[in-house]
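Understanding the architecture of this molecule
Residue-level listing of the chains:
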Amino acid sequence: MPIQSICVYCGSQPGRDPAYIAAGRALGKSIAAHGLRLVYGGGTKGIMGAVAAGVLANGGQVTGIIPDFLVDMEATRHSLGQLDELIVTQDMHARKHAMFERSDAFVTLPGGIGTLEEIVEIMTWGQLGRHEKPMVFANVGGFWNPMLDLIDHMREQGFIHRAHLVRPMVIDAVEQIIPAILDQSDGKVAALGQEDVISRL
Ligand SMILES: Nc1ncnc2c1ncn2[C@@H]1O[C@H](COP(=O)(O)O)[C@@H](O)[C@H]1O
């Protein structure tokens, strides 16, 4: 099944380093340039807003999936009207399920607790054999290193079972992410030969 849509998990805040917002915009641009659809949480601020803006500014398509209560928290409600598809769910559970169902791959940019929860759930479902969709940590400025260390620690201590099912890619350069996902889905990731920028847990 060809990759058609990319789910991006990321912070609803911009973070301290301007590189995070720049990475969000660049990833959005890359998604649009490859003719793929962005699926994301519908936020219009922070890195979430930057990714969506990056897609829309480059003629791409965006599906925002947002729970009812968060629509009302969005000060810029009108901005949601700029998305070409907006799905409003009853609650967070329905939202996360809809994001999973509509996405062919998952990318995690820097973010906070919400972002962490989202990618951990996707890794959990992978470990349980519920999907084989590509997963990527966009390791902007080494942001995810503490998380990657924790996962290594869990593995060393014997808590990562069926580890072959939980093998997200770790990619530093945002421009490399979409090509790596497309190559993985073609079974070509080994041929990339870029172990310095693309590694696997
Ligand atoms: N304003 C928001 N709009 C949409 N979604 C939001 C918003 N604020 C938080 N969220 C949810 O949280 C994650 C990101 O959470 P962080 O804690 O900022 O990493 C986002 O995907 C939504 O699920």
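Quick notes on the rules
Residues numbered from 1 in each chain as written. Predicted model: local features only at pLDDT ≥ 70, side-chain atom pairs only at ≥ 80, totals over all residues. Heavy atoms only, no water. Helix = DSSP H or I, 4+ residues; strand = E, 2+ residues; numbered from the N terminus. Contact = heavy atoms within 4.5 Å. Buried < 20%, exposed > 50% of the residue type's maximum accessible area, 1.4 Å probe, protein only. pLDDT = per-residue confidence, 0-100. Salt bridge = Lys/Arg side-chain N within 4 Å of Asp/Glu carboxyl O. Lys, Arg positive; Asp, Glu negative; His and termini not counted. Polar contact = N/O pair within 3.5 Å; in protein donor to acceptor, adjacent residues only side chain to side chain. Pairing = 2+ DSSP bridges. Right-handed = clockwise from strand over helix to strand, strands pointing away.

Mapped onto the secondary structure, Thr89 falls in strand E4 (residues 85-89). If we ignore the near neighbours within four places in the chain, the residues touching Thr89 are Ile65, Ile66, Pro67, Asp68, Ala94 and Arg95.

The next thing to look at is the environment of Ala163. Checked against the element boundaries, Ala163 lands in the loop between helix H7 (145-156) and strand E7 (169-171). Exposure remark for Ala163: the relative accessible area of 26% places this residue in the partly exposed category. Between the alpha carbons of Ala163 and Gly15 there is a distance of 31 Å; along the sequence they are 148 residues apart.

Looking at the protein, pLDDT values average 89 and 90% of them are 70 or higher. Here residues 189-197 is modelled with pLDDT under 50, and outside its nearest four sequence neighbours on either side it reaches 13 contacts, counting other chains as well. ipTM for the predicted complex: 0.89, alongside a pTM of 0.91.

One pass over the full model with this rule turns up six salt bridges. Across the pair Lys96 and Glu117 runs a salt bridge whose closest N-O atoms are separated by 2.4 Å. With a gap of 21 residues between them, Lys96 in helix H5 (residues 92-101) and Glu117 in helix H6 (residues 113-127) connect regions that are remote in the sequence. Taking relative accessible area as the criterion, Lys96 reaches 8% and is therefore assigned buried. A salt bridge links Asp152 to Arg155; the shortest N-O distance between them is 3.1 Å. One end of the pair is Asp152 and the other is Arg155, both in helix H7 and three residues apart, which spans about a single turn. One salt-bridge network, in which partners are shared between bridges, spans Arg37, Asp84, Glu85 and Arg102.

With nine of its 11 residues buried, helix H2 (residues 46-56) lies for the most part within the structure. Among all positions in H2, only Gly46, Ile47, Met48, Gly49, Ala50, Val51, Ala52, Gly54 and Val55 are buried. Looking at the buried residues of H2, the elements they touch are strand E1 (5-9), helix H1 (18-33), strand E2 (37-40), strand E3 (61-67) and H5.

All right, on to the environment of Arg162 then. Tracing the backbone through its elements, the reader meets Arg162 in the loop between H7 and E7. Sequence separation between Arg162 and Ile181 is 19 residues; the distance between their C-alpha atoms is 22 Å.

A few words on the side chain of Asp104. Along the chain, Asp104 turns up in the loop between H5 and strand E5 (105-108). No salt bridge is formed by the buried Asp104; the nearest opposite charge belongs to Lys133, separated by 5.4 Å. For Asp104, the side chain forms a polar contact with the main-chain nitrogen of Gln4, separated by 2.7 Å.

In this section: the pairing of E2. Where E1 and E2 come together, three bridges link them in parallel fashion. Opposite Cys7, over in E2, you have Val39 as the bridge partner. In this region the chain leaves E1, passes through H1 and returns to the parallel neighbour E2; the handedness of that crossover is right-handed. Note: E2 against E3, four bridges, orientation parallel. When the bridges of E3 are listed, Val39 appears paired with Thr63. You can see the chain leave E2, run along H2 and come back into E3, and the turn it takes is right-handed.

For the rest of this paragraph, the subject is the pairing of E3. For E3, a buried count of six out of seven residues is recorded, marking the element as mostly surrounded by other parts of the structure. Examined bridge by bridge, E3 and E4 share five bridges and lie parallel to one another. Each residue of the ladder has a partner; that of Ile66, found in E4, is Val88.

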